[in-house]
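Coordinates in review
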Amino acid sequence: MNSDKPGGRLVWITGASYGLGREVALQLAARGDRVAVSARSADKLKALAGEAPEGRILPYELDVTDRQAVADTVARIEAEQGPIDLALLNAGTHEPVSAGDFNVDTVRTLVELNLMGTANCLEPLLSRFRARGQGHIAIVASVAGYRGLPTSAAYGATKAGLINMAESLKPECDRLGIKLQIVNPGFVRTPLTDKNPFPMPFLMEPEDAAAALIRGLDGNGFEVSFPKRFTWMLKFLRCLPYALYFPMISRATKQ
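In short, a report on the structure. Given the structure is predicted, the values throughout are model-derived calculations rather than measurements. (Residues numbered from 1 in each chain as written. Predicted model: local features only at pLDDT ≥ 70, side-chain atom pairs only at ≥ 80, totals over all residues. Heavy atoms only, no water.)

Within the largest apolar cluster, 46 residues are counted, with the highest numbers of intra-cluster contacts made by Trp-12, Ile-84, Leu-89, Leu-125, Ile-137 and Ile-139. Ranked by residue count, the leading element in this core is helix H4 (residues 104-132), at eight residues. If we ignore the near neighbours within four places in the chain, the residues touching Ile-84 are Leu-10, Trp-12, Val-74, Ile-77, Glu-78, Leu-125, Phe-129 and Arg-132. Formed by 32 residues, the second largest nonpolar core is a distinct cluster that contains Val-24, Val-37, Ala-39 and Val-224. (Core = buried A, V, L, I, M, F, W, Y, C linked by side-chain atoms within 4.5 Å. Buried < 20%, exposed > 50% of the residue type's maximum accessible area, 1.4 Å probe, protein only. Helix = DSSP H or I, 4+ residues; strand = E, 2+ residues; numbered from the N terminus. Contact = heavy atoms within 4.5 Å.)

And the structure:
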């Protein structure tokens, strides 16, 4: 372990090469945390590290769909940097899927990355955090997991799965001393949301979304969601009967 490393929490962020994960890494590093960042692109991680003070952002190239590689990377981070204090499991992607172009390969790709990739990370983290009796895990899902939305047949299914997984684990994590949170962002301007063919209300810039996410991580609530006006609207829609929900969502998305 490097005894010359700077102080601050050790945070591990997956899916850190662009968008929300990238901006959270920069803001946490600016606050004084050490941030281990993972993604499949070594070049993008290296460029990200160059934007922060030396030693604050630490690149660890990783494909989270590789279960053994994830376990090895977690072990390597802790061997080189010390115990992980907070893990932000943010790796994921989005591909529009609708009835007109439904494709099993696309669904499988999203399940393997968004859902199983997160599970691959949870396995070594929960094992280590259980042994220590402490730790903080935040899983990035989406408001798309609240209820079915047009073109989100695959993406929304994976995010709904993450929400359910986190809800199922929360009571036991509380007993084990592990802080577990679910992050449900609204629309954030990224290359992924650029694929959406419908209007995106309350679209947030990555910098603003990252600041909101970090405020939520500092708090004690189970769910971190933003922007509040939009997420509360969707929570209301989640309670509607289908006879009201489907006409309303069709009008809202101009389907």
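In terms of burial, strand E1 (residues 10-14) is a largely internal element, five of the five residues being buried. Side chains Leu-10, Trp-12 and Thr-14 of E1 all project onto a buried face; the interleaved residues Val-11 and Ile-13 project onto the opposite face, where all are buried too. Here E1 runs beside strand E2 (residues 34-38); their pairing, made up of five bridges, is parallel. Directly across from Ile-13, in E2, lies its bridge partner Val-37. Read as a crossover between parallel neighbours, the route from E1 over helix H1 (residues 19-31) to E2 is right-handed. Direction of pairing for E1 relative to strand E4 (residues 86-89): parallel, over a ladder of three bridges. Looking at E4, one finds that Ile-13 is bridged to Leu-88. (Pairing = 2+ DSSP bridges. Right-handed = clockwise from strand over helix to strand, strands pointing away.)

Moving on, we come to the pattern of salt bridges. In the structure shown here, the tally under the stated rule is ten salt bridges. Two residues, Arg-22 and Glu-51, come together in a salt bridge whose shortest N-O distance is 2.2 Å. Separated by 29 residues along the polypeptide, Arg-22 in helix H1 and Glu-51 in the loop between helix H2 (42-49) and strand E3 (57-59) bring together distant segments of the chain. By relative accessible area, which is 21% here, Arg-22 ends up partly exposed. On the basis of relative accessibility, which here comes to 46%, the residue Glu-51 falls in the partly exposed class. Measuring nitrogen to oxygen at the nearest pair gives 3.1 Å for the salt bridge that ties Glu-80 to Arg-76. Note that Glu-80 and Arg-76 are positioned in helix H3 (residues 67-81) at a spacing of four residues, about one turn of the helix. Residue Glu-80 is classed as partly exposed on the basis of its relative accessible area, which comes to 32%. For Arg-76, a relative accessible area of 43% puts it in the partly exposed group. Beyond isolated ion pairs, a larger network of salt bridges with shared partners links Glu-78, Arg-128 and Arg-132. (Salt bridge = Lys/Arg side-chain N within 4 Å of Asp/Glu carboxyl O.)

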